[in-house]
Amino acid sequence: MQITNDTREILDGYHGDIKDHLIAVTKKELNDPNVKICAGVRWLFEKRRLASSHLKRAASWIETVWEYKGVKRAKTKEEAEKIEKIFNDFYEEFQECGKS
């Protein structure tokens, strides 16, 4: 899971975007997989909150992934469709793994 420095600062409350459940970590601490996973999960929940705010209803986890992957910020419809297709392919493969 990737956490950029900008994301790390947001999780720390540096920009004032997140008010609750802050995660303060250094760049060096993000080399620890345990810290990175915790920060990533917190970021996904923030993205779910943002997606829910945009949709004016509770966002599904798939809609949260669209927010996380920037489908709404895609420059063209084709770019958004490409991102969605990549996700859907991985998601279908994941579901198949659960059936075995």
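Refer to the structure printed above.
Because the structure is a prediction, the values reported are computed rather than measured.

Quick notes on the rules
- Residues numbered from 1 in each chain as written.
- Predicted model: local features only at pLDDT ≥ 70, side-chain atom pairs only at ≥ 80, totals over all residues.
- Heavy atoms only, no water.
- Phe/Tyr/Trp six-rings, centres within 6.5 Å; stacked < 30°, edge-to-face > 60°.
- Helix = DSSP H or I, 4+ residues; strand = E, 2+ residues; numbered from the N terminus.
- Buried < 20%, exposed > 50% of the residue type's maximum accessible area, 1.4 Å probe, protein only.
- Contact = heavy atoms within 4.5 Å.

S.K.: Tell me about the packing of aromatic side chains, and please be specific about residues and values.
M.R.: Scanning the model with the defined rule gives 4 aromatic pairs in all. Each ring, one from F45 and one from W61, has its centre 5.1 Å from the other, and the planes form 80°; the classification is edge-to-face. Taken as a pair, F45 in helix α2 (residues 33-55) and W61 in helix α3 (residues 61-69) lie far apart in primary sequence, 16 residues in all. Looking at W61, the relative accessible area reads 39%, which means it is partly exposed. Between F87 and Y91 the ring centres are 5.6 Å apart and the planes differ by 15°, which places this aromatic pair in the stacked class.

S.K.: With reference to specific residues and values, describe the environment of G40.
M.R.: Tracing the backbone shows G40 in helix α2. Put simply, G40 and L11 are 29 residues apart on the chain and 9.6 Å apart in space, counted from C-alpha to C-alpha. Other than its neighbours up to four places away in sequence, G40 contacts M1 and I3.

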